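Chains, contacts and geometry: an overview
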Amino acid sequence: MAEEKIISKKKEKEINYRDLTTCDATIQMLEKAKRDGVETAFDRAVNMKACPIGADSACCKHCAMGPCRLNAKDPYGKVGVCGATIDTIMARNFARMVAAGSAAHTDHGMAMLDVFREVVQGHITDYKIKDVMKLEEVARSIGIETEDRSTEDIAMDLYKELERTYTQVDGEIPFAMRVPEKTLETWRKSGIVPRGAMREIMELMHRSHMGVDQDYNNITKQCSRTALADGWGGSMVATEISDILFGTPVPTVAEVNMGVLKENMVNIIVHGHEPNLFESMLSSVNEPTLIEASKQAGAKGINVVGMCCSGAEMLGRHGIPHAGNFMSTEAIIVTGAVDAMCVDVQCIKQGLVKVGECYNTPIYTTNPRCKIEGATHIELHENDPRACTDEVVIKAISRFKNRTHPVEIPNITNVGIHGFSHEYINYMLGGTFRASYTPLNDNIINGRIRGVAGVVGCTNPRVKQDYVHVELVKELIRNDVLVLQTGCSQISLAKAGLLTPEAAHLAGPGLSEVCETVGMPPVLGCGSCVDNSRILIAASAMVRAGGLGNSIADLPAVGAAPEWMSEKAICIGQYFVASGVFTVFGATFPIVQDTKFHKLLFEGLEQQGFGKWGFAVDPYEMAKMMIAHIDKKRKALGIDKARERVLLDMSDRRQMEAG
Ligand code: SF4
Ligand code: MSK
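Note that this is a predicted model, so its numbers are computed, not measured.

**Examining the sheet that holds strand S8 (residues 376-377)**
Taking strand neighbours across the sheet as the criterion, the five strands line up as S5-S4-S6-S7-S8 in an open arrangement whose pairing is parallel. Of all the strands in the sheet, just strand S5 (302-307) and S8 have a single pairing partner and so form its edges. Sheet analysis places strand S4 (residues 266-271) next to strand S6 (residues 340-343), joined by four bridges and oriented parallel. Bridged to Val270 within S6 is Cys342. The strands touched by helix H13 (residues 308-318) within the sheet are S4 and S5, with S5 carrying the most contacts at an inclination of about 110 degrees.

And the structure:
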């Protein structure tokens, strides 16, 4: 025990937060926390070495004959007590991560669908169908007749169809109809078209139980099926229903970073994933009587800002300021300026409560699925959501009035453009009269745009916060790769100033020309991690627009989650891979190299017509792998020559510079 104290004291002295994050606001707050004697996940990550056996996924605790530990250095030297090999153990562990990740997103999607049904049936009146055009488009995309029908009828049919995404026991989920034919054919051949999310998740949990599926190939198939039930199922439903209820995002200028907090206002942070809470909070903070109450308490008004994915969704949909990504959620409380932090589900650190106690900032949980010991639970009921959010606002006003801690807010804000929905990208490129992805494809074919990358995912204290995201994306755009972003990654790049049209000067000559012509940033923010479904829809639209092959696997497109940490990220990675995309993860990967399971994920899946996994810690190495893959796809499509001409033709360049 004494020794432990000495070690932790020694380590505490050694921590230089500049080694752990490139976010200046977070550094300022971590240094303040240190002076105040307050610990965060950054400190804990330094003081708690990750378990090396777990990191390699070389252990199994699926039954009481174990837990069994295998040796990553000699993976085939030993098996578990039951005889399970390293490949079975790793595949089962991977499967459980996919199942949990898929469950998180699909449960979120199902909650959105519940709200939608209740709105359509008139039981919920605080939310309404805001985007009728999107409702009709989504309905038509899965074969629902919309001509001469009432909004309510279409909506009820849409509800019934989309419910199958979750509950159907046989057949194909409705959004399978959106998958390019050849991609769908590959899935059908492998028997991995999702039937319904509940069934796939249940089957994957069953098959990864002790003594069931003990063939890593077969387990991986069900991993793909379960992950696809998320990407093309649960997540896609969540995105589409959120757009229908709350509006489809269009590019909106908004501020990010901790400077969005205001010392003279009542500051409320909403953090989590489900937009219902945030939408109701917006309504509460605009309530004249509550604004008046805040003024009576001496504030200039009420300031609501987002964090993590709820925030990323609100940035694009309403231009609500965003205070920071996952690894800044404890640090922001250190400002002393947060009068309430209101959370719902996913990526909410239990450590928030302790930091909150140190600065007299209450944490309010609002969802019955997520209570935290020490937090105050004020449940949000969708048939009366204002009861919850009004109460939080009233408590926040009282906390403002009785602020006990000095306030220090990092004076940093970054302006950017957010809200690039698939619909808007379509319109932006093709215009009102011929909205389509053809101009994007043309620019890929002529080589101005080398390819497209989805860079997404979390931040993680075991990786320098924001650094890998930012360096990777800079390297990609410098090489003419257009980047689509979601989740916490999008916030990293927004803080670095890359979500602006002016950032085009950091792009290669081809991409920068396209950005300048269209007036768009080289990095497009698409929303929360659930909104990765927008990237899948964009990929389908590219295939349909023609000229770039017949399946998603043919596209010069890649994916990356450079600083991932959550099981949802693994599931997202697997659905991108199963959809045909080469997907590179950073930080760490739960696998032993040079095993059969490793070869399957990193090579074999591609040979079966899917995408494949990649792994690199260094952002430049990551970029090199992604660009090499894009070039490989360009060559296969026979469009590699066009690009050489674009890059080597000096008269073209001179013309561009003159323009
Ligand atoms: Fe060990 Fe097999 Fe039990 Fe896993 S399932 S803990 S490998 S005995
Ligand atoms: S919130 S899953 S830390 S992106 Fe979606 Fe951010 Fe990753 Fe959570």
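**Let's talk about the domain arrangement of the chain**
Put simply, an interface is often sized by how much accessible area is lost when its parts join up. If you check the domain split of the chain, you get domain 1 (86-246), domain 2 (252-401) and domain 3 (419-639). On the domain 2 side, the residues contacting the 15 residues of domain 1 number 17 residues. Of all residues in domain 1, the largest losses of buried area upon contact with domain 2 belong to His108, Tyr127 and Phe246, amounting jointly to 42% of the total for that side. Counting across the interface, domain 1 meets domain 2 through two salt bridges. With a shortest N-O distance of 2.7 Å, Arg369 and Asp107 are connected by a salt bridge. On inspection of domain 1 and its partner domain 2, the count reaches four residue pairs in polar contact (both at pLDDT 80 or more). Going through the elements one at a time, helix H5 (86-120) and helix H10 (216-246) are the ones with two or more residues in the side of domain 1 that touches domain 2. Residue contributions to the side of domain 1 that touches domain 2 peak at seven residues, all from H5.

**Considerations on the packing of aromatic side chains**
Evaluated as defined, the whole model comprises 13 aromatic pairs. Among the aromatic residues, ring-to-ring pairing joins Phe94, Trp564, Phe585, Phe589, Phe597, Phe602 and Trp613 into one connected group. Against the face of Tyr467 rests Lys464, its NZ or CZ located 5.3 Å from the ring centre. Lys612 extends its terminal NZ or CZ atom over the ring of Phe582, reaching a point 5.1 Å from the ring centre.

**Examining the nonpolar core**
Taken as a class, soluble globular proteins show a tendency for nonpolar side chains to be buried jointly. Counting residues in each nonpolar core, the largest one holds 176 residues, and the members touching the most others are Phe116, Ile268 and Leu476. Counting residues per element, this core draws most heavily on H5, at 15 residues. Here Ile268 is in contact with Met281, Val285, Ile302, Asn303, Val304, Val305, Ala340, Val393 and Ala396, once residues within four sequence places are set aside. Met29, Leu261, Ala323 and Ala337 belong to the second-largest nonpolar core, a separate cluster that totals 42 residues.

**Some thoughts on the environment of Gly306**
Its place among the elements puts Gly306 in strand S5. Separated by 197 residues in the primary sequence, Gly306 and Ala503 have C-alpha atoms spaced 24 Å apart. When sequence neighbours within four positions are dropped, the list of residues in contact with Gly306 reads Val270, Phe278, Gly311, Ile320, Pro321, His322, Ala323 and Gly324.

**With respect to the site of ligand 1**
Taken together, Cys60, His62, Cys63, Met65, Gly66, Cys68, Gly80, Val81, Cys82, Ala84, Arg92 and Met210 are the residues near ligand 1. When its residues are assigned to classes, the shell around ligand 1 shows eight nonpolar, three polar and one charged.

**Examining the environment of Ala139**
Along the polypeptide, Ala139 turns up in helix H6 (residues 132-141). Excluding anything up to four places from it in sequence, Ala139 contacts Ile144, Thr146, Ile154 and Leu158.

**Quick word on the sheet that holds strand S10 (residues 451-455)**
If you trace the six strands from one edge of the open sheet to the other, you get S12-S11-S10-S13-S14-S15, paired in parallel fashion. Strands with a single pairing partner mark the edges of an open sheet, and in this sheet they are strand S12 (523-525) and strand S15 (613-615). Across the sheet, the axes of successive neighbouring strands diverge by a mean angle of 25 degrees, strand direction being ignored. Pairing between S10 and strand S11 (residues 481-485): five bridges, direction parallel. Each bridged residue has a counterpart across the sheet, and for Ala453 the counterpart in S11 is Val483. With respect to the sheet, helix H22 (residues 567-579) is in contact with strand S14 (582-585) and S15, its orientation differing from that of S14 by roughly 155 degrees.

**Concerning the state of the cysteines**
Applying the stated criterion to the full structure yields zero disulfides. With no disulfide of its own, Cys358 lies 20 Å from the sulfur of Cys370, the closest cysteine sulfur. Its relative accessible area of 35% is what places Cys358 among the partly exposed residues. Note on Cys370: no disulfide assigned, nearest cysteine sulfur contributed by Cys347 at a separation of 10 Å.

**Focus on the site of ligand 2**
In the region of ligand 2, the neighbouring residues are His273, Cys308, Cys309, Phe326, Cys347, Gly457, Cys458, Cys488, Cys529, Met565, Ser566 and Lys568. Across the shell around ligand 2, the residue classes tally to eight nonpolar, three polar and one charged. Residue contributions to the shell around ligand 2 reach at least three from each of two domains, namely domain 2 (252-401) and domain 3 (419-639).

**Regarding the packing of helix H18 (residues 467-478) against helix H19 (residues 487-495)**
Two elements in contact, H18 and H19, have axes separated by 9 Å at closest approach and are oriented at 75 degrees. In this view, H18 runs roughly perpendicular relative to H19, as classed from their interaxial angle. Residues His469, Val470 and Val473 of H18 form the contact with H19, whose participating residues are Ser489, Ser492 and Leu493.

**Quick look at helix H15 (residues 385-401)**
The end-to-end C-alpha distance of H15, which contains 17 residues, comes to 25 Å, matching closely the 24 Å that a straight helix rising 1.5 Å per residue would cover. Residues of H15 that are buried: Pro385, Arg386, Cys388, Thr389, Asp390, Val392, Val393, Ala396, Ile397, Arg399 and Phe400.

**Some points on the pairing of S4**
As a general feature of sheets, a regular strand has side chains that alternate between the two faces. For S4, a buried count of six out of six residues is recorded, marking the element as mostly surrounded by other parts of the structure. Across six bridges, the pairing between S4 and S5 is parallel. From the neighbouring strand, Val270 faces S5, where its bridge partner is Gly306.

**Some thoughts on the pattern of salt bridges**
Using the criterion set out here, one finds 38 salt bridges in the structure. Taken together, the shared-partner salt bridges connect Lys134, Arg178, Glu240, Asp243, Glu313, Arg317, Glu423, Asp531 and Arg534 into one network.

What counts, and at which threshold
Residues numbered from 1 in each chain as written. Chains lettered and ligands numbered in written order. Predicted model: local features only at pLDDT ≥ 70, side-chain atom pairs only at ≥ 80, totals over all residues. Heavy atoms only, no water. Pairing = 2+ DSSP bridges. Helix = DSSP H or I, 4+ residues; strand = E, 2+ residues; numbered from the N terminus. Contact = heavy atoms within 4.5 Å. Axes fitted to C-alpha atoms, helices over the stretch in contact; angles between N-to-C directions. Domains from an automatic or database assignment. Buried area = accessible area lost by both parts, 1.4 Å probe. Salt bridge = Lys/Arg side-chain N within 4 Å of Asp/Glu carboxyl O. Polar contact = N/O pair within 3.5 Å; in protein donor to acceptor, adjacent residues only side chain to side chain. Phe/Tyr/Trp six-rings, centres within 6.5 Å; stacked < 30°, edge-to-face > 60°. Lys NZ or Arg CZ within 6 Å of the ring centre and 35° of its normal. Core = buried A, V, L, I, M, F, W, Y, C linked by side-chain atoms within 4.5 Å. Buried < 20%, exposed > 50% of the residue type's maximum accessible area, 1.4 Å probe, protein only. Near = heavy atom within 4 Å. Nonpolar A, V, L, I, M, F, W, Y, C, P; charged D, E, K, R; others polar. Disulfide = S-S within 2.5 Å. Parallel < 35°, antiparallel > 145°, perpendicular 65-115°, else oblique. Expected span 1.5 Å × (residues − 1).

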